[in-house]
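The lines below spell out each chain.
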Amino acid sequence: MEKLVEVRNLKKWFWTGKTLLGKKESIRAVDDVSFYIKRREILGLVGESGCGKTTCGKVILRILEPTAGSIYFNNRDITHLKRKEMMKLKEKMMIIYQDPFGSLDPRMTIGAAIAEPMDVHGTVPKKERKDRVIELMGKVGLSEEQINRYPHEFSGGQRQRIGIARALATGPEFLVADESVSALDVSIQAQIINLLKDLQEEFGLSLLFIAHDLSVIKHISDRVAVMYLGKIVEMAPRREVFANPKHPYTKALLSAIPVPDPGQRRRGEILMGDVPSPINPPSGCRFHTRCDHVMEICRDKEPELIDSENSHYIACYLFSK
Ligand code: SF4
């Protein structure tokens, strides 16, 4: 299948100023990351809070500018596209935020909120916009009668449906879903995930689905990329990641997923401590400060992300050939 989105050696560093000794410091939120997303594919991007997932999604959409590396959309290098050209392209690349309430104007009816991207990008003629809004509301499980209501009149799950309708308003090919279900109750999470999956199939969308919870990623992704402190440490087809996880960090994330029976304990690695600061991250393998298998080389030299077998990529000396 053809690639729709690709990033090569992508970096996003935020300069924080100078230290007392005059040295420039930066937060290395995304630090040399490469991956692709095929047409009609869902890539789940998972990792703890602060590992750079959201920044990565925003850089791909050029909401944030990359520090280095390249971004391709439909085989076109869009890394340095000018604002006007990028604006034209943005109708094809949309984002669904974690907090739809924060991204919706409380003074705007939901009909107007869903129509707004059509206005901004001019993708739907004015006289057809209302019909299109009603159609989209139906697709996401909202009724026409709700069109003149305001965001505060909706539940969290309904507001996320509004956010999805808004993201679909311009007919995108690619969506970044940024922790889109994280703030919802588990039962509502399942509904929204199913909705996203249905819409992805119906519209033939490609998705970068960002979440900190592997159990959420499991239900929607075709492939999974695990991110730790600005780096991809493991990437593989979903089944492979869940049946045969390799990187100690992935194993630890899997161990943290609650099991249905509290009497049953999930075996595996335990994740100790917090994510280190992305300002001056640990040398060598960034996970070495939390890894039970740390070796001397891990502290000195960064492991490369290599294909161990069958498109199962891993950055860990335990699996170096
Ligand atoms: Fe652990 Fe070393 Fe592998 Fe890093 S490279 S995950 S420290 S064994």
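This is a predicted model, so every value here is computed, not measured.

> Can you tell me about the sheet that holds strand S5 (residues 76–77), naming the residues and giving the values?
Sheets are built from strands paired through backbone hydrogen bonds, the pairs being either parallel or antiparallel. The antiparallel open sheet is built from four strands, whose spatial order is S2-S1-S4-S5. With one partner strand each, in any of the chains shown, strand S2 (24–38) and S5 form the two edges of the open sheet. Relative to strand S4 (residues 68–73), strand S1 (residues 3–18) runs antiparallel, the two sharing five bridges. The residue bridging Lys11 from the neighbouring strand is Ala68, located in S4.

> Go over helix H1 (residues 53–60) with me, naming the residues and quoting the values.
In terms of residue burial, H1 counts as a mostly covered element, since six of its eight residues are buried. Two residues or fewer after H1 comes Arg62, characterised by a positive phi angle close to 60°.

> Lay out the pattern of salt bridges in plain terms, naming residues and giving numbers.
Scanning all chains against the criterion turns up 18 salt bridges. We note a salt bridge from Glu173 to Arg39, for which the minimum N-O separation is 3.2 Å. Residue Glu173 is located in the loop between helix H6 (156–168) and strand S7 (174–178), and its partner Arg39 is located in the loop between S2 and strand S3 (42–46); the two are separated by 134 residues in the primary sequence. For Glu173, a relative accessible area of 22% corresponds to the partly exposed category. A relative accessible area of 25% places Arg39 in the partly exposed class. Between Arg132 and Glu135 there is a salt bridge, with the nearest N and O atoms lying 3.3 Å from each other. Remark: Glu135 and Arg132 occur in helix H5 (residues 126–139); sequence separation between them is three residues, near one turn of the helix. Among the residues examined, Glu135 registers a relative accessible area of 41% and is labelled partly exposed. Overlapping salt bridges bring together Glu2, Arg39 and Glu173 as one network.

Here is what the cut-offs are and how they apply
- Residues numbered from 1 in each chain as written.
- Predicted model: local features only at pLDDT ≥ 70, side-chain atom pairs only at ≥ 80, totals over all residues.
- Heavy atoms only, no water.
- Pairing = 2+ DSSP bridges.
- Helix = DSSP H or I, 4+ residues; strand = E, 2+ residues; numbered from the N terminus.
- Buried < 20%, exposed > 50% of the residue type's maximum accessible area, 1.4 Å probe, protein only.
- Salt bridge = Lys/Arg side-chain N within 4 Å of Asp/Glu carboxyl O.

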